[in-house]
Amino acid sequence: MATTENTAENTAEVTETARGLIALPQTAARALIAVGAVATIASTFMSWTYTADFPGDLTYYGSPAGLQILDLVAGAITLLFALTLFDVRGLRWLNPAGATAPVVLAAASAFAVSWFSAIAIAVDLKGLVALDPGAYVTAIGSLIALVGTLALPSPGDTFKDWVSKPDRIPAAQKLPGWAERLVITAATAVALIVFTYGIGVDPEASETFIGYLLLVIFGTWALQAAGLFDRFATFNARHKGFATSMAFLAAAVFPFVENNEHNANLGVNILVVATVALGLNIVVGLTGLLDLGYVAFLGVGAYAAALVSGSEFSRFSGVQFPFWAAMLTGMAASLVFGVLIGAPTLRLRGDYLAIVTLGFGEIFRITVNNLDGSSGPNITNGPNGISMIPDLDIFGFNLGNSHDIGSITLGRFANYFLLMLIITGIVVIVFNRAADSRIGRSWIAIREDETAATAMGINGFRVKLIAFALGASLAGLAGTVSAHVGYSVNPAPYQFAGSVPPNSAFLLAAVVLGGMGTVNGPILGATLLYLLPEKLGFLKEYQLFAFGIALVILMRFRPEGIIANRRRQLEFHESDDSIDIPEQGLPDSTVGVTKAGA
Amino acid sequence: MTTTTATSPVLEASGVTMRFGGLTAVRSVDLTVNSGEIVGLIGPNGAGKTTFFNCLTGLYVPTEGKVSYKGTVLPPKPHLVTSAGIARTFQNIRLFANMTVLENVLVGRHTRTKEGLWSALLRGPGFRKAEAASRERAMELLEFIGLAHKADHLSRNLPYGEQRKLEIARAMASEPGLLLLDEPTAGMNPQETRATEDLVFAIRDRGIAVLVIEHDMRFIFNLSDRVACLVQGEKLVEGTSEVVQGDERVIAAYLGTPFEGAPGAEELAEVEAAEAAEATGTPETAEAPEATETPEAAETPEAAESDAAAEGTTSKEGNAQ
């Protein structure tokens, strides 16, 4: 340990002497950044443009709005990181390595938001004349800050060195347990605020949402480069139960904070998609079976629930199951279909399995389309689907009605959001428990090397079928709720690829983007994939195109997904307490490659 | 695992034949492994050793013949073979690379535990007990092979030799009565090979019979109670180390037979001189300049290996090809 500290100091000295890209004294560089950041912050209290035509109404002095709030946050982050370079007491934790990269990224976030705003105003309102002094101040201020960061000690020769986490980050002092819990709570609260702000952006104000995205991307990048995410992950691992319950608590608070039916509806849909993605994660992420027709199981669950919902368009309109029976019906139907489809197909491996599941997914949609009374027996009412599905009634609590809790009114979608949250919680527990058991290990073993797994005594077919059936029934469970939330079911959304989620490609992308084999990954992936098209309305018919581009970029630069499976690395660190483990990053990224190739 | 007398057979393979289309990779091989025995299986590259292993462990369904373990005929399904009590390692290491060392061994415990999905989801006391027992047993095995301190490392990050050891531990986790090792010392340095030798003896002392494929002749003849030599899918000879080492056909298989046509006069003179110097034996050493000792001595790993390496270039009768 002593030697590592020494080396850390040595490297610190080396970087101290290393010159930045711009020859300026260090004090001047730091001062530039701080001044730039302060100017950026100040500018958000000024008017940026003369007219309220630009989304967010940036015309007032003294009260930031829309993009200005985002810029204010970006400026504040830059200032904070700049202060860490001055060795301000109490801020050391923010940038434990005193590294350059986080400061650069923080300044970049302010720069990106400021310049994006200024350019957007100029373009939207046809000309630089539309810019008020505030816009100039913010543009110049953020530029100064960014230029200042370039004069900081150079972390390396390549561009990558400037924007990535330094190799060595001194270990932070140990915090007492309650303090770690406090950090987790605070971080969860911040995450809730960030998420609520994002979901609350007016769909018309795409500019604001892009600014939000820029801030979130560069901001999280800066925090990651400072090594704070790693620290947070350690805390999380140490207080796993607490962290999980905090996350769920925050999610449960969401409908109370964001008291708006449209956004609550968004929340429900995100949860449905996230839950289904988690189910798919068992099949794809843990067991390594590429299932391209997974959305069919969501459809089976939704249709099963619709048929027994008592809707007058249902073939069995006289039948109305109570909610728990409807859910079990949906799950059971999906389970049966999962076994029926899995039993013949799971003897195949790799690409063959993918093609066959793709076929089965399409067969489901086409069959449902044709069971309309003319092409076949009338069961599903064909392309018209089953509409007017009544709301769920849970022990006399009708989810369709608004309910007052204290002074807050929970609307229909907020009710469903809370119900769906419970289901998501159940699915998370199922995922975690299944993954960390004999059966979960055999899934992973099959993903890693099926031949070796069978030679170790694992009945590959049986174990894969269990994964397939479990994944299917979880999708069916989510499907039952989605049928009730959406009032109706019809075959259209249950296709392989389409612009409207859910579809199989979307779910798969949520899993892969988020990070395979993790719990948070698919949830984050589903959230992003659902929210982005919703808020970036201007993309319109280019949505799928943008989706494809985003996938290509992410797979190129982060093949392991946004949240890599870091559990193992953590165990790694805690077990031997030294740093003689070769290349942290390399195995991680190759993991992603192999997984992505699977 | 069992404490039977040395004569009770653990594995009986009779008339095992494996054809791939027109190619007969293994032809009517009989092999018996008794409890408490270490049996070696040697043969040149492509002789069908690994194919034979695959037939034993159910990865291949033999075209003819049957394999029985402690008197019961084995079904040709790998997981059933493993649960019956035969475990194996692979020639090219096949660990679960992205699982930890401990998890790898726990996967090996699969057949000796029964907890299914429901008990995993409900986490009853039975599940916890079984998990704890499995972990304890796995740690014990890691202790045995000397990897306990690396239990939480990813198996992909282990050095080569330790990966081989881990594969053995993983196989032993299924509590086998017979362990099949496919080239356990391939790519190891002499010290590691000696350590592996000790490990195999220790495994045998635990009551597990071992059948081992190897190219390292010193290793195999030190280790094995009996050695069988497989050439072109057929068992040439089986017996103690001395018997196999002295067998002309084995030597021919490894080193080739002399040209029918006359070799160069110079070479002939050389060989004759060597023959005159030493006792009797077949003049197989013409191609290996450093191996001018007796054919017996030519069986040492250096010579055998150099010949195996030079196999491609020496293409004489092409016996080994």
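Residues numbered from 1 in each chain as written. Chains lettered and ligands numbered in written order. Predicted model: local features only at pLDDT ≥ 70, side-chain atom pairs only at ≥ 80, totals over all residues. Heavy atoms only, no water.

The next thing to look at is the pattern of salt bridges. Under the counting rule described, the total for this entry stands at 24 salt bridges over all chains. Residues joined by salt bridges that share partners form a network here, namely B:Glu37, B:Arg226, B:Lys235 and B:Glu238. (Salt bridge = Lys/Arg side-chain N within 4 Å of Asp/Glu carboxyl O.)

Among the secondary structure elements, A:Ala550 is positioned in helix H21 (residues 543-557). As a C-alpha pair, A:Ala550 and A:Leu513 span 37 residues in sequence and 9.5 Å in three-dimensional space. (Helix = DSSP H or I, 4+ residues; strand = E, 2+ residues; numbered from the N terminus.)

Ranked by size, the top nonpolar core spans 107 residues in total, and within it A:Leu419, A:Trp443 and A:Val489 carry the most contacts. When residues in this core are grouped by element, the largest group, 16 residues, is from helix H11 (residues 261-286) of chain A. If near-sequence neighbours (up to four positions away) are discounted, A:Val489 is found in contact with A:Ala302, A:Tyr303, A:Ala306, A:Asn384, A:Gly385, A:Ile386, A:Ile389, A:Ala483 and A:Tyr494. Ranked by size, the runner-up nonpolar core spans 44 residues in total, among them B:Ile203, B:Val212, B:Ile220 and B:Val227. (Core = buried A, V, L, I, M, F, W, Y, C linked by side-chain atoms within 4.5 Å. Buried < 20%, exposed > 50% of the residue type's maximum accessible area, 1.4 Å probe, protein only. Contact = heavy atoms within 4.5 Å.)

Moving on: the sheet that holds strand E1 (residues 9-20) of chain B. Residues and elements named next belong to chain B. Taken together, 4 strands build an open sheet; the order of strands is E2-E1-E4-E5 and the sheet is antiparallel. With one partner strand each, in any of the chains shown, strand E2 (23-34) and strand E5 (72-73) form the two edges of the open sheet. Bridge count for E1 against E2 is 8 bridges, and the pairing is antiparallel. Bridge pairing in E2 places Pro 9 opposite Asn 34. Across the sheet, helix H1 (residues 49-57) lies against E1, E2 and strand E4 (64-69), angled at about 115° from E1, the strand it touches most. (Pairing = 2+ DSSP bridges. Axes fitted to C-alpha atoms, helices over the stretch in contact; angles between N-to-C directions.)

Turning to the confidence of the model for chain A, a few remarks are in order. Averaged over every residue, the pLDDT of chain A is 82; the share at 70 or more is 91%. Low pLDDT (under 50) marks residues 1-17 of chain A, which in the prediction has 5 contacts with non-local residues, meaning those over four places away or in another chain. (pLDDT = per-residue confidence, 0-100.)

All names here are of chain B. Counting buried positions over the 5 residues of strand E3 (residues 38-42) gives 5, a clear majority of the element. Because side chains alternate across E3, one face comprises the buried residues Ile 38, Gly 40 and Ile 42, and the other comprises Val 39 and Leu 41, equally buried. Relative to strand E8 (residues 209-213), E3 runs parallel, the two being bridged by 4 bridges. Within E8, the position partnered with Val 39 by the bridge is Leu 211.

Further remarks concern the side chain of A:Thr527. Its place among the elements puts A:Thr527 in helix H20 (residues 520-535). If we ignore the near neighbours within four places in the chain, the residues touching A:Thr527 are A:Phe195 and A:Ile270.

Residues and elements named next belong to chain A. Interaxial distance between helix H7 (residues 177-200) and helix H9 (residues 228-238) falls to 10 Å at its minimum, and their mutual angle equals 115°. Accordingly, the angle class assigned to the pair H7 and H9 is roughly perpendicular. Pair H7 / H9 crosses with left-handed handedness. Across from Glu 180, Val 183, Ile 184 and Ala 187 in H7, the residues of H9 making contact are Phe 232, Phe 235, Asn 236 and Arg 238. Considered class by class, the residues forming the contact of H7 with H9 number 5 nonpolar, 1 polar and 2 charged. (Parallel < 35°, antiparallel > 145°, perpendicular 65-115°, else oblique. Left-handed = near helix turned anticlockwise from the far one by under 90°. Nonpolar A, V, L, I, M, F, W, Y, C, P; charged D, E, K, R; others polar.)

Quick look at the interface of chain B and chain A now. Counting residues at the interface gives 36 residues for chain B, matched by 36 residues for chain A. Looking at the side of chain B facing chain A, the largest losses of area belong to B:Asn98, B:His110 and B:Leu117, adding up to 19% of the total buried there. Counting every contact that joins chain B to chain A gives 2 salt bridges. Between A:Asp449 and B:Arg94 there is a salt bridge, with the nearest N and O atoms lying 2.8 Å from each other. Counting residues per element, the ones that place at least two in the side of chain B that touches chain A are helix H2 (78-84), helix H3 (101-108), helix H4 (117-122), helix H5 (125-145) and helix H6 (160-172) of chain B. Per-class residue counts for the side of chain B that touches chain A are 15 nonpolar, 10 polar and 11 charged. (Buried area = accessible area lost by both parts, 1.4 Å probe.)

Before going further, it helps to spend a moment on the sheet that holds E3(B). Across a sheet, strands are paired by hydrogen bonds formed along the backbone, either parallel or antiparallel in direction. Residue and element names in this part refer to chain B. Ordered by their spatial adjacency, 6 strands build an open sheet running E6-E7-E8-E3-E9-E10, and the pairing between neighbours is mixed. Sheet topology places strand E6 (86-88) and strand E10 (234-239) at the edges, where each strand pairs with a single neighbour. Strand after strand, the sheet turns through a mean of 20° between neighbouring axes, direction not considered. Here E6 pairs with strand E7 (residues 178-182) via 3 bridges, running parallel. Its bridge partner lying in E7, Arg 88 is registered against Leu 180. Helix-sheet contacts for H1 involve E3, E6, E7, E8 and strand E9 (226-231), and the interaxial angle to E7 is about 150°. Strand contacts of helix H7 (residues 190-205): E3, E7 and E8, with the helix running at about 135° to E3, the strand carrying the most contacts.

What follows is about H5(B). All names here are of chain B. The end-to-end C-alpha distance of H5, which contains 21 residues, comes to 30 Å, matching closely the 30 Å that a straight helix rising 1.5 Å per residue would cover. Of all the positions in H5, only Phe 127, Ala 130, Glu 131, Ser 134, Ala 138, Leu 141, Leu 142 and Ile 145 are classed as buried. Looking down the long axis of H5, one finds its buried residues gathered within 110° of arc, a one-sided arrangement. Among the exposed residues of H5, those oriented more than 90 degrees off its buried face are Pro 125, Arg 128, Lys 129, Glu 136 and Glu 143. (Expected span 1.5 Å × (residues − 1). Arc of directions from axis to C-beta.)

Quick look at unusual backbone geometry now. Peptide bonds are trans in most cases, and residues, glycine excluded, mostly fall at negative phi. Look at A:Tyr487: it is not a glycine, yet its phi comes out positive at around 65°. Structurally, the position occupied by A:Tyr487 is in the loop between helix H18 (460-485) and helix H19 (504-514). Unlike most non-glycine residues, B:Ser28 shows phi in positive territory, near 45°. With respect to the helices, strands and loops of the structure, B:Ser28 is situated in strand E2.

Residue and element names in this part refer to chain B. Along helix H10 (residues 248-255), 6 of the 8 residues are buried, which leaves the element largely enclosed by surrounding structure. What H10 keeps buried is the set Val 250, Ile 251, Ala 252, Ala 253, Tyr 254 and Leu 255. Two or three places before Arg 249, at the opening of H10, Asp 247 has a side-chain oxygen 2.9 Å from that residue's backbone nitrogen. A positive phi of about 90° marks Gly 256, the residue just after H10. (Polar contact = N/O pair within 3.5 Å; in protein donor to acceptor, adjacent residues only side chain to side chain.)

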